[in-house]
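Here are the chains, one letter per residue:
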Amino acid sequence: NVPEDQADKLLLASWGLPKAVLEKYHSLGIVQIFEWQAECLMLGRVLEGKNLVYSAPTSAGKTLVAELLILKRVLETRKKALLILPFVSVAKEKKCYLQ
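This one's a predicted model, so the numbers in the text were calculated from it and none came from an experiment.

Draft legend 1. Representation of the environment of glutamate 67 in the model. Among the secondary structure elements, glutamate 67 is positioned in helix α3 (residues 62-77). Overall, glutamate 67 belongs to the buried group, its relative accessible area being 4%. Measuring from C-alpha to C-alpha, the distance between glutamate 67 and alanine 20 comes to 15 Å, with 47 residues separating the pair along the chain. The contact partners of glutamate 67, leaving out residues within four places of it in the chain, are Tyr25, Lys94 and Tyr97.

Written as structure tokens, this is what we have:
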């Protein structure tokens, strides 16, 4: 669980994303993340580019964790990222969304 003193980590705005990115997420109704998602983002040195393996049911929000990690790393390091998705339809959706 997320410690009470870090409850603000559930707010998407607390992850240091640019205003335009936050506005896009907010327009989709995403203002905060689940506790388990915040826990994933706070594990070890994940935000520094270290590996993360996690599992959750379909439609639980796994992709959002990956998006946040990718966005933060790309914006902070100015390097490219590769996002591999399992279906063409999901890949097309994410392409439009991330542009």
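What follows picks up the thread again.
Draft legend 2. Just the UniProt feature "domain: DEAD/DEAH-box helicase" (unreviewed entry) in the chain, in detail. Those places that UniProt annotates as "domain: DEAD/DEAH-box helicase" (unreviewed entry) correspond, in this numbering, to residues 44-93. Helix and strand shares over residues 44-93 are 44% and 0% respectively, and the end C-alpha atoms of the span are 31 Å apart.

Draft legend 3. Broad picture of the nonpolar core. If you look at the biggest cluster of nonpolar residues, it comprises 18 residues, and the most contacted ones within it are Leu12, Leu17, Tyr25, Ile33, Leu41 and Leu68. For this core, the secondary structure elements donating two or more residues are α1 (19-27), α2 (35-42) and α3. Broken down by element, the residue count for this core peaks at five residues, all from α3. Once residues lying within four places of it in the same chain are set aside, the contact partners of leucine 12 are Leu17, Leu22, Tyr25, Ile30, Val31, Gln32, Ile33 and Leu68.

Definitions and limits used
Residue numbers run consecutively from 1 along every chain, following the written order of its sequence. Given that this is a predicted model, residues contribute local features only at a pLDDT of at least 70 and side-chain atom pairs are listed and counted only at 80 or more, while totals for whole chains, interfaces and linings are drawn from all residues. With hydrogens and water stripped out, all remaining heavy atoms of the structure feed into the side-chain values. Here a strand is any run of E in DSSP of at least two residues, a helix any run of H or I of at least four, and the numbering for each starts at the N terminus. Buried residues are those whose accessible area, probed at 1.4 Å on protein chains only, stays under 20% of the maximum for their type, while exposed residues exceed 50% and partly exposed ones sit between those limits. Residue contacts follow a heavy-atom distance rule, with two residues in contact if any of their heavy atoms lie within 4.5 Å. UniProt positions are given in the numbering used here, feature names are shortened, and annotations may be inferred rather than shown by experiment. Buried Ala, Val, Leu, Ile, Met, Phe, Trp, Tyr and Cys residues form a nonpolar core when they are joined through side-chain atoms within 4.5 Å.

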